[in-house]
Amino acid sequence: MAVRVVNDLDFDDEILRAELPVFIDVSAEWCAPCKVAAPVVAALAERHAGALKVVEIDGCASAELAARLGVRGFPTFIGVVRGEVVDQRLGFAGAKPLEALAESLLAAARGQR
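All values reported here derive from a predicted model rather than from experimental measurement.

**Topic: the pattern of salt bridges**
And step 1. Going through the model one piece at a time under the given rule, you end up with 7 salt bridges.
And step 2. For the salt bridge of Glu14 with Lys53, the shortest nitrogen-to-oxygen distance reads 2.7 Å. Here the residue Glu14 occupies a position in helix α1 (residues 11–16), and Lys53 occupies one in strand β3 (residues 53–58), the gap between them amounting to 39 residues.
And step 3. Arg89 is the salt-bridge partner of Asp87, the closest N and O atoms lying 2.9 Å from each other.

Put into structure tokens, the structure is as follows:
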């Protein structure tokens, strides 16, 4: 399952109304750490296909949406379960913290938070 790009127009349908927990990567084209994180996020999407929806938001192209989500820098990773933000992390510190975020979203979706 590939990482889907989401913007202001489809945010509600793709994220707030999603049946699966949603892992959001808010990044920017010019951001070097975002480029390093991208293959890790793609691998996470593949590993959790069918259980976790992984999306990307361009924080510059969708600046209003990024502000609405409280994004203060790039990359920011946000977890949403049943339309509610349950976790948010700023910066890329390797694959393990992103996997931990994914696991916490899956647990929250199962009611084990």
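**Observations regarding helix α2 (residues 32–47)**
And step 1. With 16 residues, α2 should reach 22 Å at 1.5 Å per residue; the first-to-last C-alpha distance of 24 Å fits that figure.
And step 2. The principal kink in α2, of about 30°, is found at Ala38, preceding the proline Pro39 by one to four residues.
And step 3. For α2, every residue scored as buried is listed here: Cys34, Ala37, Val41, Leu44 and Ala45.
And step 4. Elements in contact with the buried residues of α2: β2 (22–27), β3, β4 (76–81) and α4 (95–109).

**Some points on the packing of aromatic side chains**
And step 1. Per the stated rule, a full pass over the model turns up 2 aromatic pairs.
And step 2. When the ring of Phe23 is compared with that of Phe77, the centres are 5.9 Å apart and the planes differ by 40°; the resulting orientation is tilted. Taken together, the residues span a long stretch of sequence, with Phe23 in strand β2 and Phe77 in strand β4 at a distance of 54 residues.
And step 3. For Phe23, a relative accessible area of 0% gives the class buried.

The rules we used
One numbering rule holds for all chains: residues counted from 1, following each sequence as written. In view of the model being predicted, local features appear only for residues whose pLDDT reaches at least 70, and side-chain atom pairs are presented and counted only at 80 or more, with totals across whole chains, interfaces and linings using the full set of residues. Only hydrogens and water are set aside when side-chain values are computed; all heavy atoms of the structure are taken into account. When a carboxyl oxygen of Asp or Glu lies within 4 Å of a side-chain nitrogen of Lys or Arg, that pair is called a salt bridge. Numbering goes from the N terminus for both helices and strands, where a helix is a DSSP run of H or I of at least four residues and a strand is a run of E of at least two. An expected span of 1.5 Å times one less than the residue number is assigned to each helix. Bend, in this description, refers to the angle at a residue between axes fitted to the seven residues ending there and the seven starting there. Throughout this description, buried means an accessible area under 20% of the type-specific maximum (1.4 Å probe, protein chains only), exposed means over 50%, and partly exposed covers the range between. Residues are treated as being in contact if the distance between any of their heavy atoms lies within 4.5 Å. When two rings of Phe, Tyr or Trp (its six-membered ring) have centres within 6.5 Å they constitute a pair, described as stacked for plane angles under 30 degrees, edge-to-face for angles over 60, and tilted for the intermediate range.

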